[in-house]
Amino acid sequence: YLYLNQLKNKKEKTEELSQKRLIKIKNSLNGLEKSGNRILSLSKRGINAAVNGNIKEAGESLKDAVKVVDEFIGGLSKIRTHLAIILREHRVTINDLQSLYSKIKILEDDFSRAMEEFLEAEITYLYFRDAGRLFYPKKTSNCDFEIYAGAIADFCGELLRKARLDIINDVESMVNIKNYHRDTKNIHDILSSFSFSNSRGVRSKMEHIKEYIKEFERILCDLKISDLRRNNNLLRKL
């Protein structure tokens, strides 16, 4: 009887601790649910500000985004730690695990999308702040290969958007657009040397970059024709 009672008490204590851990994980998951959207929102704001020349505003948005990213990474790390402890030391049902894993998978997918947008924002901000310097994370552990590749591919679309704005805002835009065109081609050449899976969408983004390059070439051609016409008109007046 004593032995059975000890086993029963141990089982109940283990189940109680497991439930406490599960509740803690679920609360942590709920607390992080809105973080991905927050990172996306701040990153988009930073991208738009940088492309429109509002570098200070872009920097402020990125500072706020960095804080949310750090909170997200820290929270996700704690969740994984608690889950590892539960699997190692406590009793959990398959249903509990399935529920947790599906929520964690959704959270990780949200984080991947948010990080891609965040990296694109950093790349865009530093490029326009530092006259064409391309950003890359100092520590490779902080960045996933395909997430960074997707971010820098999307950045090429921001260069095209900036080119169109330069035409509207600055008559002497040829030099800038040539630089954007050059950097887009360089990025395409670099990314083309790697093989990407279909899961992250980088392959389709490579096709988009090809279209960006064609559009740059069309814009540059139109600008050159416009300059020739302008010069011809000036010569006629002389």
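Residues numbered from 1 in each chain as written. Predicted model: local features only at pLDDT ≥ 70, side-chain atom pairs only at ≥ 80, totals over all residues. Heavy atoms only, no water.

Caption draft 1: Up close: the pattern of salt bridges. Evaluated as defined, the whole model comprises 15 salt bridges. Note that Lys162 is salt-bridged to Asp166, the shortest N-O span being 2.7 Å. With Lys162 and Asp166 both in helix 5 (residues 145-169) and 4 residues apart, the pair spans about one turn of that helix. Its relative accessible area of 13% is what places Lys162 among the buried residues. Owing to a relative accessible area of 7%, Asp166 belongs among the buried residues under this scheme. (Salt bridge = Lys/Arg side-chain N within 4 Å of Asp/Glu carboxyl O. Helix = DSSP H or I, 4+ residues; strand = E, 2+ residues; numbered from the N terminus. Buried < 20%, exposed > 50% of the residue type's maximum accessible area, 1.4 Å probe, protein only.)

Caption draft 2: A look at a nonpolar patch on the surface. A cluster of nonpolar side chains, contributed by Tyr3, Leu4 and Leu7, occupies part of the molecular surface with about 350 Å² of accessible area. Tracing the backbone through its elements, the reader meets Tyr3 in helix 1 (residues 2-32). Among the residues examined, Tyr3 registers a relative accessible area of 58% and is labelled exposed. (Patch = residues over 30% accessible without salt bridge, like charges linked within 9 Å, V, L, I, M, F, W, Y side chains within 5 Å. Areas by Shrake-Rupley, 256 points an atom, 1.4 Å probe, with all protein chains shown as cover.)

Caption draft 3: Representation of the packing of aromatic side chains. Tallied over the entire structure, the rule returns 8 aromatic pairs. A centroid spacing of 5.2 Å and a plane angle of 85° characterise the contact between Tyr127 and Phe128, whose relative ring orientation is edge-to-face. Among the residues examined, Tyr127 registers a relative accessible area of 4% and is labelled buried. Looking at Phe128, the relative accessible area reads 17%, which means it is buried. On the numbers, 5.3 Å between centres and 15° between planes, the contact of Phe145 with Phe196 is stacked. Of the two residues, Phe145 sits in helix 5 while Phe196 sits in the loop between helix 6 (174-191) and helix 7 (202-237), which places them 51 residues apart along the sequence. For Phe145, a relative accessible area of 44% gives the class partly exposed. Exposure remark for Phe196: the relative accessible area of 5% places this residue in the buried category. Joined through ring pairs, the aromatic side chains of Tyr127, Phe128, Phe155 and Tyr180 make up one cluster. Over the face of the ring belonging to Phe128 we find Lys162, whose NZ or CZ atom lies 5.4 Å from the ring centre. (Phe/Tyr/Trp six-rings, centres within 6.5 Å; stacked < 30°, edge-to-face > 60°. Lys NZ or Arg CZ within 6 Å of the ring centre and 35° of its normal.)

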